[in-house]
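Descriptive analysis of the structure
What follows is the residue order along each chain.
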Amino acid sequence: LDTLNYFETKCRASKEITERAKKRIPGGVQHNLAFNYPFPLAVDKAEGAYLTDRDGNVYIDFLQAGGPTILGSNYAPVNEAVAEVIKASGPVTGLFHEYELKLAEIINQYMPHIEMYRSLGSGTEAVMAAVRAARASTGKKMVIKVGGAYHGWSDTVVYGLRVPGSFRMNAKGIPFGATGRTRESFPHDLGTLKRKLIENRLRGGTAAVIVEPLGPESGTRPVPKDFNAQVRKLCDEFGSMLIFDEVVTGFRTGLGGAAGYFGVTPDLTVFGKAVSGGYPMAGGVGGSAKAMAVFGSGLDGKNGAHIQVGGTLSANPLSCAAGYFAIKEMARTNAPVIAGRAGDRLTRGLQKLIDKYGLPYVAYNQGSIVHLESSGVLMLDMRNPVKLFKENKGRKKLMEQMGAAYAAHGIITLAGSRMYTSMADTDEVIDDALSRFDQVFA
Ligand code: PLP
């Protein structure tokens, strides 16, 4: 009731505009990573650790746009540097621009295994490109992903069990054939993965195994420390390429990404989010010169010499400059480490509150990626889809309502269950957030 009361009395402008949006935008709002219950918030301002909604209410921002803004939202030094670049060239030219190279060079500086990099438009696009590259390079057909992992919304990988959000990514409009060459292995289950690799020998072989290196859904189901190394071994044994999806972890898990953290080198790495520092068109794929040779130049693909990927706005000066300046600034300020410490402080405080109130929740983090889950979710048995579906449905509703309750107390989370911290999260911000969580839990 407190939550509903808050929204009805304090968020009238948000309600008015999101109601109006229903007439012209399918579903009202398209991109809302927080909650829809009782209605979505409309945001006017984002800065550092804070968001301001249309009614002027201020929130601590643990959504951080879904992960890209490790420096904090709307970070002025990057904005200023980007403005200088686009004052000269505009946001797009359709031709080569020096910041495409500068971005590739600075990624290589902090991730030496990314010897070459191709800029694209989103994490989804980058996954599509990596899968195509793996198929072209190996001459094999099948792709294996891990159940519950999210790799964007392209047909090939929108497949199977998801934790936590839904049972399956909405599969309407995806014919069976589109996922016919994708197989899914159970999380953390190397035995199943090996069996699928063996089975795939009769289906044209496995071109790639794609993993989120922290585990499905940005580590919602964390992997054991040696999981990625074991997957690397299996890929080598079967002649398959290992693709790391570092859309979330790239730069957030340190400037060396998850590859640096786990000490495992994939063949191809997919980037998104932070790779353009929170600016649009965040995506790209990189790897060793050998693994990237199949890309060729943008025009080569048309005559069949190489694969064709990319589009009108790929590698534009705006996104490339933003990525370059953001990475440079993250290195100068040590932002991933600072954000990680904020994540540690938030997680410790949340776990204390969970214990204080005896809640059926658990808080855990991988640096600046913080999870606040109903404690059942880690135990969910992926082999029992019906049970999983039922439990997840209940969980999803609960988490969304909790997300709205946190908002009513001045905190924005990702769907009530995940939080991204940033360099802007000082001890004061985290402690303020914890006292607000305390009120909600009470
Ligand atoms: N891969 C992972 C691990 C993600 O978390 C996401 C997006 O959240 C994607 C891929 C898709 O990236 P994008 O939303 O830029 O298409």
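Keep in mind that what you see is a predicted model, and the values were worked out from it rather than measured. (Residues numbered from 1 in each chain as written. Predicted model: local features only at pLDDT ≥ 70, side-chain atom pairs only at ≥ 80, totals over all residues.)

Thoughts on the sheet that holds strand E3 (residues 58-61)
With mixed pairing, the 4 strands of this open sheet are ordered in space as E1-E2-E3-E13. For this open sheet the edge positions go to strand E1 (43-47) and strand E13 (411-412), each flanked by a neighbour on one side alone. Where E3 meets E13, 2 bridges bridge the pair, whose relative direction is parallel. Paired with Ile 60 across the strands is Ile 411, a residue of E13. (Pairing = 2+ DSSP bridges. Helix = DSSP H or I, 4+ residues; strand = E, 2+ residues; numbered from the N terminus.)

Topic: the domain arrangement of the chain
Partitioning the chain into structural domains gives domain 1 (2-61 + 334-441) and domain 2 (76-332). Centre-to-centre separation of domain 1 and domain 2, based on C-alpha positions: 27 Å. (Domains from an automatic or database assignment.)

Some points on the site of the ligand
Around the ligand, the structure places 16 residues, and the nearest of them are Ser 122, Gly 123, Thr 124, Gly 152 and Val 247. Residue classes in the shell around the ligand are distributed as 5 nonpolar, 9 polar and 2 charged. (Near = placed C-beta within 6 Å. Nonpolar A, V, L, I, M, F, W, Y, C, P; charged D, E, K, R; others polar.)

Re the packing of helix H6 (residues 190-200) against helix H8 (residues 227-238)
At their nearest, the axes of H6 and H8 sit 11 Å apart, and the two run at 15° to each other. In this view, H6 runs roughly parallel relative to H8, as classed from their interaxial angle. Of the two elements, H6 crosses H8, and the hand of that crossing is right-handed. Contact with H6, carried on its side by Leu 190, Leu 193, Lys 194 and Leu 197, involves Gln 230, Val 231, Leu 234 and Phe 238 of H8 and no other residues of that element. The class makeup of the residues in the contact of H6 with H8 is 6 nonpolar, 1 polar and 1 charged. (Axes fitted to C-alpha atoms, helices over the stretch in contact; angles between N-to-C directions. Parallel < 35°, antiparallel > 145°, perpendicular 65-115°, else oblique. Left-handed = near helix turned anticlockwise from the far one by under 90°. Contact = placed C-beta atoms within 7 Å.)

Focus: the confidence of the model for the chain
Of all residues in the chain, 91% attain a pLDDT of 70 or more, and the chain-wide mean is 91. The ipTM, which scores confidence in the relative placement of chains, is 0.99 for this predicted complex, and the corresponding pTM is 0.95. (pLDDT = per-residue confidence, 0-100.)

Some words on helix H11 (residues 317-333)
Taking 1.5 Å per residue as the helical rise, H11 with its 17 residues ought to reach 24 Å, and the 24 Å between its terminal C-alpha atoms agrees with that figure. Of all the 17 residues making up H11, 12 are buried; the element is thus mostly covered by neighbouring parts of the structure. Residues of H11 that are buried in the fold lie against helix H3 (76-89), helix H4 (98-110), strand E4 (116-120) and helix H12 (335-357). Among the residues trailing H11, Asn 334 stands out with phi positive, at a value near 65°. (Expected span 1.5 Å × (residues − 1). Buried ≥ 20, exposed ≤ 12 C-beta atoms within 10 Å, placed from the backbone.)

Digging into the nonpolar core
Counting residues in hydrophobic clusters, the biggest one holds 121 residues, and the most contacted among them are Ala 130, Ile 243 and Ala 407. Sort the elements by how many residues they give to this core and H11 lands first, with 9 residues. Among the domains, domain 1 (2-61 + 334-441) and domain 2 (76-332) are the pair contributing at least three residues each to this core. Those residues in contact with Ile 243 that sit more than four places away from it in its chain are Ala 130, Ala 134, Ala 208, Ile 210, Pro 266, Asp 267, Leu 268 and Val 270. (Core = buried A, V, L, I, M, F, W, Y, C linked by C-beta atoms within 7 Å.)

Re the pairing of strand E11 (residues 361-366)
Relative to strand E12 (residues 369-374), E11 runs antiparallel, the two sharing 6 bridges. Within the sheet, the bridge partner assigned to Val 362 lies in E12 and is Glu 373. Linking two consecutive strands that pair antiparallel, namely E11 and E12, is a turn of 2 residues; a positive phi of about 60° is found at Gly 367 within it.

Side note on the environment of Lys 87
Within the secondary structure, Lys 87 sits in helix H3. For the pair Lys 87 and Arg 118, spaced 31 residues apart in the sequence, the C-alpha separation amounts to 24 Å.

Topic: unusual backbone geometry
For the peptide bond that leads from Tyr 37 to Pro 38, omega is -5°, which places it in the cis range. Along the chain, the position of Pro 38 falls in the loop between helix H2 (12-24) and E1. Non-glycine residue Asn 74 carries a positive phi angle of around 55°. Along the chain, Asn 74 falls in the loop between E3 and H3. Phi is positive for Ala 415, which is not a glycine, with a value near 50°. Mapped onto the secondary structure, Ala 415 falls in the loop between E13 and strand E14 (418-420).

What to know about the pairing of E4
In terms of residue burial, E4 counts as a mostly covered element, since 4 of its 5 residues are buried. Two strands pair when backbone bridges link them, and E4 and strand E10 (residues 283-287) are joined in this way by 5 bridges, in the antiparallel orientation. Along E10, the bridge assignment pairs Met 116 with Gly 287.

Observations concerning the sheet that holds strand E5 (residues 142-146)
Strand order in the open sheet formed by 7 strands is E4-E10-E9-E8-E7-E5-E6, with mixed pairing between adjacent strands. Each having just a single partner strand, E4 and strand E6 (182-185) make up the two edges of the open sheet. Neighbouring strand axes in the sheet, compared pairwise and without regard to direction, differ in orientation by 20° on average. As paired elements, strand E8 (residues 241-245) and strand E9 (residues 268-272) share 3 bridges and run parallel to each other. Bridge pairing in E9 links Ile 243 to Leu 268. This element, H6, spans E5, E6 and strand E7 (206-211) of the sheet and lies at about 155° to E6. Of the strands in this sheet, E7 and E8 are in contact with H8, which crosses E7 at around 175°.

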